[in-house]
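Each chain, written out:
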Amino acid sequence: GGQGRRTTTLSLRPARSAPMWLALTALSLGFVALRLQPPQAVRVSAGVPCAAVSQGAPQRVALGELVRESRAAPLAKRSARRKRGEAKERARQEGAVLREARPLADAHALPFEWLLVLDVEATCDARGRPWEHEIIEFPVVALNLRTLQVEHEFHSFVRPTANQTLTPFCRKLTGITQEQVDAAPPLDAVLREFDGWLRERGLVNTAEARSFAFGTDGHFDCQFFVDGECSRKGIPKAEYFDKWVNLKQLFADHYKVRRCKIAKMLERQGMRFEGRLHSGIDDSRNIARIAAQLVRDGSPVYINEGLPPRQRFLDL
């Protein structure tokens, strides 16, 4: 160091032959001596004896500062997490306040004018055995994407043909009675009736023109229930069932959250479920409310799922 500067070197390494109590005593005295040194003159390096350093030495760190930083690190992380949570909550509250002031969607920017929300109910059993699900309720709620209002509804119960008697679990879950399905038409007749309902309202979905697309809570309705049952039974099915808007995925992508159930999606949007859960028509109406709020919150609406390419086997 420079002239006139006194340098104190403290060694924290006890001699190999020193007893343990002596080593501990030396270590304690060393820390006491360190605390007596001016903080700005102490450099801590791993594996190197602590020593006072001359002017111009690299990065001087006070021992007390290191202790404070080590204690402050977890607090800083918790504080950052708390601030992020508070920011999200403010954004959610501000969004709830500004929803009414946001303009409705521009119909010219939409790929189709109508979103037909479909949420079928099917036969089921409480036990985990393999079960051939059959549609027993076929509801469709037509949401106008320009006005964000539900303007049409189609609803029909469906008579199952493989398992004609509903299980007690199914009746309790869906609220559908045996008398309702016994008096209902089978699936092929319901699909023909629904196709006529679309034509009466000028709703088309072809390669040349598309005025609507189906909106579902996941992929089960169109893929496993409608397509699955039609494939098993050889029922003709229109191609407009082959692609749809997975609103559950759209919700997760837009709000940057995990996929969740209908009631949770409504809660995140500041709403509550209306009606009876697992009633096909009530589920469809609530999903339409979710879709309308998605559009108000600036989410685009587009077809994001479809049936996988069917396997084709060639005779060699």
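Look a little higher up for the structure.
What you see is a predicted model; the values in this text were computed from it and never measured.

A.B. asks: Explain helix 5 (residues 187-200) here, please?
C.D. replies: Counting along an α-helix, one turn takes 3.6 residues, and residues three or four places apart therefore face a common direction. Over its 14 residues, helix 5 runs 20 Å from end to end, which matches the ideal 20 Å to within 8%, given 1.5 Å per residue. For helix 5, the full list of buried residues reads Leu187, Val190, Leu191, Phe194, Gly196, Trp197 and Leu198. Count one or two residues on from helix 5 and you reach Gly202, which has phi positive near 70°.

A.B. asks: Looking at this structure, how should I read the packing of helix 7 (residues 247-255) against helix 9 (residues 280-296)?
C.D. replies: Any two packed helices are characterised by how steeply their axes cross, that is the angle between the axes, and by the distance between the axes. Where helix 7 meets helix 9, the closest approach of the two axes is 11 Å, and the angle between their N-to-C directions is 35°. Note that helix 7 runs across helix 9; the crossing there is left-handed. Side by side, helix 7 and helix 9 meet where Leu247, Leu250, Phe251, His254 and Tyr255 of the first sit next to Ile287, Ile290, Ala291, Gln293 and Leu294 of the second. Residues that form the contact of helix 7 with helix 9 fall into these classes: eight nonpolar, two polar and no charged.

A.B. asks: Can you help me understand the pattern of salt bridges in this one?
C.D. replies: Any two side chains of opposite charge can pair, given that their charged atoms come close. In total, this model carries 15 salt bridges according to the counting rule given. The salt bridge partner of Asp217 is Lys248, with a shortest N-O separation of 3.1 Å. Separated by 31 residues along the polypeptide, Asp217 in the loop between strand 8 (212-216) and helix 6 (220-233) and Lys248 in helix 7 bring together distant segments of the chain. Per residue, the accessibility class of Asp217 equals that of Lys248, and both read buried. Through salt bridges with shared partners, a single ionic network connects Glu134, Glu229 and Lys233.

Cut-offs applied
- Residues numbered from 1 in each chain as written.
- Predicted model: local features only at pLDDT ≥ 70, side-chain atom pairs only at ≥ 80, totals over all residues.
- Heavy atoms only, no water.
- Helix = DSSP H or I, 4+ residues; strand = E, 2+ residues; numbered from the N terminus.
- Expected span 1.5 Å × (residues − 1).
- Buried < 20%, exposed > 50% of the residue type's maximum accessible area, 1.4 Å probe, protein only.
- Axes fitted to C-alpha atoms, helices over the stretch in contact; angles between N-to-C directions.
- Left-handed = near helix turned anticlockwise from the far one by under 90°.
- Contact = heavy atoms within 4.5 Å.
- Nonpolar A, V, L, I, M, F, W, Y, C, P; charged D, E, K, R; others polar.
- Salt bridge = Lys/Arg side-chain N within 4 Å of Asp/Glu carboxyl O.

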